[in-house]
Amino acid sequence: MYFRLNPECYFIQGSKRGAIFDLIDSRIYALSPEETELIESSEKNQPVSGHEEFLHELKKLRLGTFYDNRTYMYKVRVINSSMEEELKFQTNLSRTFLEINNSCQRDCWFCGWHGVSRSMGCMGCNKWNEDGRPLEIGRWKGLVDELRDLDCKDIVITGGDLTLAWDKTMEILDYAKGKFSKIHMVLHQDSLSKSHLDDLDGRARPIIQTENLSNAVAKEGFTPLLAVKPEHYGDIWNFIPENKDALLDFAIKDGQLSNDLPIMSNKKIKMPGIYQFSRHMRYHPCIGGTLAISYTGNVLPCPMMRGHSFGNVGDGELYTIFEKGLDEINKFWKLTLDKIDKCRCCEFRYSCTDCRALDESLTGRLEGKKVCSYDPEEGAWA
Amino acid sequence: MLEFKSFAGNNYAWDDEVGLFIPFPPTIKAVLRELSDTNPPLKGEVIEKLSGAFKEEDIAFYYDWIQKWKRTMLQGGALPEDNSDVDLSVSNIKTHLLRHGLKQLTLSVTEDCNFKCKYCIYHGNYEYSNRANSRNYMNFAIAKKAIDYYFSLLEEGRRYNPIRKPNISFYGGEPLLNFDLIKKCVEYMDNAYNTFEKHYNLTTNGSILDDDKADWLIKNGFSIMVSLDGPEDEHDRNRVYRNGKGTFKDVMKNITKLNSRMNRKVTSISIFDCKCDLFKREEFFSRPEIPPLNFLNQVSDVPGCNYYDQFSEDDFLAFAEQIKKAKVHYLEDIHNQRQKGRKTSVLNHLFGLGSLRAVHEISPILPPSPLMPFTGACIPGMKLFVDVKGNYHVCERVNETNPLGNVDEGLDFMKIREFVLDYLRHMDGCSSCKFRRSCSKCYSYFMNGTGFLYSSEVCKGIETPMLDDFSMAFTIGEMDSSYVDNIADVKLLQDE
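Thresholds applied
Residues numbered from 1 in each chain as written. Chains lettered and ligands numbered in written order. Predicted model: local features only at pLDDT ≥ 70, side-chain atom pairs only at ≥ 80, totals over all residues. Heavy atoms only, no water. Helix = DSSP H or I, 4+ residues; strand = E, 2+ residues; numbered from the N terminus. Rg over C-alpha atoms; globule rule 2.2 N^0.38 Å. Buried < 20%, exposed > 50% of the residue type's maximum accessible area, 1.4 Å probe, protein only. Contact = heavy atoms within 4.5 Å. Areas by Shrake-Rupley, 256 points an atom, 1.4 Å probe, with all protein chains shown as cover. Axes fitted to C-alpha atoms, helices over the stretch in contact; angles between N-to-C directions. Nonpolar A, V, L, I, M, F, W, Y, C, P; charged D, E, K, R; others polar. Buried area = accessible area lost by both parts, 1.4 Å probe. Salt bridge = Lys/Arg side-chain N within 4 Å of Asp/Glu carboxyl O. Polar contact = N/O pair within 3.5 Å; in protein donor to acceptor, adjacent residues only side chain to side chain. Core = buried A, V, L, I, M, F, W, Y, C linked by side-chain atoms within 4.5 Å. Pairing = 2+ DSSP bridges. Domains from an automatic or database assignment. 1 Å grid on protein atoms, 1.4 Å probe; cavity = no way out; pocket = protein on both sides within 12 Å on 5 of 7 lines; lining within 4 Å. Points joined across faces, edges and corners; volume = space filled by probe spheres on them.

K.L.:
Whenever I open this one, the overall build of chain B confuses me. Can you help?
P.N.:
Counting its regular elements, chain B contains 20 helices and 13 strands. The C-alpha atoms of chain B give 25 Å as radius of gyration, which agrees with the globular expectation for 496 residues (23 Å, within 12%). Projecting the C-alpha coordinates of chain B onto the three principal axes gives extents of approximately 80 × 50 × 40 Å. Buried residues in chain B amount to 56% of all 496 residues. Of the contacts made within chain B by residues no fewer than 6 positions apart, 73% connect residues no fewer than 24 positions apart. Summed over its atoms, the accessible surface of chain B is roughly 20900 Å², and 49% of this surface lies on carbon and sulfur atoms.

Structural data, given as structure tokens:
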């Protein structure tokens, strides 16, 4: 007798444990070492006795069943071999951050200006200490067209306090309208007035940087981003009012990380859908397909990775960055967790979140990993 | 739901609506039958009805699983009902081509050939092939215009796709009969377009590929594909000079030398029909001095083909028997065959990777391209085929009744639009076809002398070969699942 997981269920093996990923119902089942051994064997079409209680449990969960003979299970896939081939001939650019401004009159403790390591700094507002000539509005419009031609799906308009350059921001937003699937815009809560909010209607989906969720603007399509100080790690959940969704942006001080932080604990693992799981096998879960263009035209892997640049588009067109530096871009985009020190032997590697900017800043290595309390060698969370 | 069996007798099915292969034991079949009712019964009712014949826990499992796999539709895209959502505007076509197309420029440098191969599509066996072998040669003025236009499109397309690299193929007839033109074209491109990283290809019969030509082709980094059917008797049965004399010895004299110099980068294309001896070819292509096998294709059997009229019922039966034997041999020897890879194994090419390709080329979950909802046809312009007179055609396999522009005026995007729309109008059987996610058929398969045939007519009988491929792939999967799972093996098929 044989037992096989269904076509929609992938078994991923780690050093000590494995996990089953149900890609239709987006569920993960973490296995014990004994269960892992059993599934590893059955997935290789080795016979089972039929009395294994665990396998009957899996059958009850509708994850797999018993067969009389060796059975081949063709696992569900998102793309076929031709599409896989096609990917080689496309840029596959999916998201670009446009830092159209760098001025701000506040001096927030979490700002990029101070070099603070943050878990979601890319989505928050920042100004940067960077030399160079800022790009003119005409060039930003040109970049919008170039991104559309490169089939970039989403853009994020960001940079300092955008309300200080509101006319320019609106002009660029209007120019970009209809050219992308989504347009996000990063704003600080304290800068927003009613007229700003009215202006944004139908133009962009705002991400609102805040330190206080109870005052956060609540409106459909608005996403609050809460900057969390290290001293509040312990009572973080008190900061989030009920029924309020927010992105949490943890500032890391002196490399100190608490194991119960969501970015360290099993909360960092996301329930996988077919598309995400498939994508994470090919691309880094965050910076894969992403670029950031700084206010001086430097093209970066992400807004927080200021130490890496693929070139400058102040004078040249964006496509030339791909012509000249595709290998360098792919070094970041194809940095799947299979290539990250600790993650490569982890069973959750295709469903986990990962901030390369943060881990690089904490370890000094592009492939380093500190922001995780799971030890795949031991199969245990700290 | 299309059912098939592996050689071991296990039942499977392909659900084209959802895009899943599933094991298909009798219990799931019975449950599905119950659920096909317009007012499907509840789980308890199904269990009660079927519990006499099947185990209750199995009925419950399959009932729930069927509901679950239908949920994949929520994650993916449903197949379109018809052509009505296709937005084939000229601007959409042009943007699509600038972003995804222009993958190859094929220059048909001559229609002349020193061979008269019996299966050649230009030798009267194909009613709807409107090109006959002729003494027509392309001149440099036409070639130059085609080259300039191709590079101008690539230049325009850089901002849409900066990764694509120019790929130029020389095709015939026998292209080496116009070797001077090939040389002139390459010299011109290397001078005029020296900032591009170009790749050159040549398809040849190998008979006039002497040392001087070989030196030049090697020096210019050409990929060379030689038509070589198999050992002498296999090759000479179809590949002959105009006087009927076999060509094998002359071809071999040139290409064994070339093969050793190019470190096996020259490859073979082998064509077979129902008189071929697969075992002889298997032995032949495993020899180290023979250029590795790149393509193994059956003599094309598109509508209007009468090549197969020469064979008797006994010939077909004997070939079917040979195929059966070869499959058994292949499966008994599968681990060995996998080691050999497709390049030195005809059987692995034919049964192994051929069937795996059928499985891996299925479009799972995702809906088809919004510009081409049916079949695997491209949007013309993905490749540019230029005939000797300077007309553009879809590719070398599509007959030349509908030129889509010319080197003086460029591609006619309006004509491309009309061509595709006319094609889609003829795909009348597609919306009810059970292989929509796996169809690789395209224009050449449906063309007649004036336009297109209807798919409802042409595709009759499509099920058998598709299900045979699925059956073979799943049989291999039962024996060695990693072989089928490893999509990289299949990718190789498209790399060259």
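What follows picks up the thread again.
K.L.:
Is there a simple way to explain the packing of helix H11 (residues 278-285) of chain B against helix H14 (residues 346-360) of chain B in this structure?
P.N.:
How two helices pack is summed up by the angle between their axes together with the distance between the axes. Residue and element names in this part refer to chain B. Running from N to C, H11 and H14 cross one another at 115 degrees; their axes reach a closest spacing of 7 Å. On H14, the residues that touch Leu278, Phe279, Arg281, Glu282 and Phe285 of H11 are Val346, Leu347 and Leu350. Residue composition of the contact of H11 with H14, by class: 6 nonpolar, no polar and 2 charged.

K.L.:
Is there a simple way to think about the interface of chain B and chain A in this case?
P.N.:
Listed as interface residues are 50 residues of chain B and, on the opposing side, 51 residues of chain A. Both sides of the chain B and chain A interface together cover about 4700 Å² of buried area, and 52% of this is carbon and sulfur. Applying the counting criterion to the chain B and chain A interface returns 9 salt bridges. Residue aspartate 64 of chain B pairs with arginine 62 of chain A through a salt bridge whose shortest N-O separation is 2.7 Å. Remark: the boundary between chain B and chain A carries 22 residue pairs in polar contact (both at pLDDT 80 or more). Contributing elements (two or more residues each) for the side of chain B that touches chain A: strand S3 (20-23), helix H3 (56-70), helix H4 (72-75), helix H5 (90-100), H14, helix H18 (463-479), helix H19 (481-485) and helix H20 (487-495) of chain B. The element best represented in the side of chain B that touches chain A is H3 of chain B, accounting for 9 residues. Here the side of chain B that touches chain A is built from residues that sort into 23 nonpolar, 12 polar and 15 charged.

K.L.:
Explain the nonpolar core to me, please; I cannot follow it from the model alone.
P.N.:
Of all hydrophobic cores here, the largest spans 135 residues; its most connected members are Leu107, Phe170, Phe222, Tyr443 and Phe470 of chain B. Sorting elements by how many residues they give to this core places helix H6 (residues 140-157) of chain B first, with 9 residues. Sequence-distant contacts of phenylalanine 470 of chain B, defined by excluding residues within four places in its chain, comprise Phe4, Trp14, Phe21, Ala358, Val359, Ile362, Phe435 and Ser438 of chain B. With 105 residues, the next largest nonpolar core counts Ile100, Tyr350 and Leu366 of chain A together with Trp65 of chain B among its residues.

K.L.:
Before we go on, may I ask you to explain the pairing of strand S11 (residues 223-228) of chain A in this structure?
P.N.:
Remember that side chains alternate between the two faces of the sheet whenever the strand is regular. All names here are of chain A. Burial within S11 is extensive, with 5 of its 6 residues counted as buried. Pairing geometry for strand S10 (residues 205-210) and S11, over 4 bridges, is parallel. If you follow isoleucine 207 over to S11, its bridge partner there is threonine 223.

K.L.:
How do you make sense of the pattern of salt bridges when you look at a structure like this?
P.N.:
When charged atoms on two side chains of opposite charge get close, those side chains can pair. Under the definition given, this model contains 58 salt bridges over all chains. In this structure, arginine 99 of chain B engages aspartate 151 of chain A in a salt bridge whose closest nitrogen and oxygen atoms are separated by 3.7 Å. Note that arginine 99 of chain B is positioned in helix H5 and aspartate 151 of chain A in the loop between helix H4 (137-149) and strand S8 (154-158), a pairing that runs across two chains. Of the residues examined, arginine 99 of chain B reaches a relative accessible area of 12% and is grouped as buried. Among the salt bridges present, the one from lysine 29 of chain B reaches glutamate 3 of chain B, with a minimum N-O distance of 3.0 Å. Linking lysine 29 of chain B in helix H1 (residues 26-35) with glutamate 3 of chain B in strand S1 (residues 2-5), this pair joins segments that are 26 residues apart in sequence. We classify lysine 29 of chain B as partly exposed; its relative accessible area is 32%. The structure contains a network of salt bridges with shared partners spanning Asp145, Arg148, Asp149, Lys179 and Glu317 of chain A together with Arg159 of chain B.

K.L.:
What's the story with the domain arrangement of chain B in this structure? I'm lost.
P.N.:
How big an interface is tends to be expressed through the accessible area that disappears when the partners come together. Splitting chain B by domain gives domain 1 (19-76) and domain 2 (90-357). The distance between the C-alpha centroids of domain 1 of chain B and domain 2 of chain B comes to 48 Å.

K.L.:
I tried to follow the side chain of glutamate 8 of chain A on my own but got confused; where do I start?
P.N.:
Structurally, glutamate 8 of chain A is set in the loop between strand S1 (2-5) and strand S2 (9-13). A residue is classified by how much of its surface remains accessible, and glutamate 8 of chain A, at 0% relative accessible area, is buried. Within the structure, the side chain of glutamate 8 of chain A is placed 3.1 Å from the side chain of tryptophan 65 of chain B, a separation counted as a polar contact. Excluding residues that lie within four positions of it along the chain, glutamate 8 of chain A makes contacts with Phe21, Asp22, Leu23, Ile24, Arg62 and Val76 of chain A together with Trp65 and Lys68 of chain B.

K.L.:
What's the story with empty space enclosed by the protein in this structure? I'm lost.
P.N.:
One simple way to see leftover space: roll a probe sized like a water molecule over the atoms. All names here are of chain A. Applying the stated rule across the entire model yields 5 cavities of 30 Å³ or more. As a volume, the largest cavity reaches approximately 110 Å³. Each residue belonging to the lining of the largest cavity can be placed in one class, and the counts come to 10 nonpolar, no polar and 4 charged. Here the second largest cavity is characterised by a volume of approximately 80 Å³. Every residue along the wall of the second largest cavity is listed here: Cys104, Arg106, Asp107, Cys108, Phe110, Cys111, Trp113, His114, Cys125, Asn126, Lys127 and Gly160. Taken together, the residues of the lining of the second largest cavity sort by class into 6 nonpolar, 3 polar and 3 charged.

K.L.:
When you look at the side chain of lysine 68 of chain B in this model, what are you seeing that I'm missing?
P.N.:
Counting through the fold element by element, lysine 68 of chain B comes out in helix H3. Lysine 68 of chain B sits in the buried class, given a relative accessible area of 3%. Here the side chain of lysine 68 of chain B touches aspartate 22 of chain A through a polar contact of 2.7 Å, side chain to side chain.

K.L.:
What is the right way to look at the environment of proline 224 of chain A in this model?
P.N.:
Residues and elements named next belong to chain A. Mapped onto the elements, proline 224 comes out in strand S11. The sequence separation of proline 224 and leucine 187 amounts to 37 residues, and the corresponding C-alpha distance is 9.7 Å. Contacts of proline 224, omitting those with residues within four sequence positions, involve Ile208, Leu213, Ala216, Asp245, Ala246 and Leu247.

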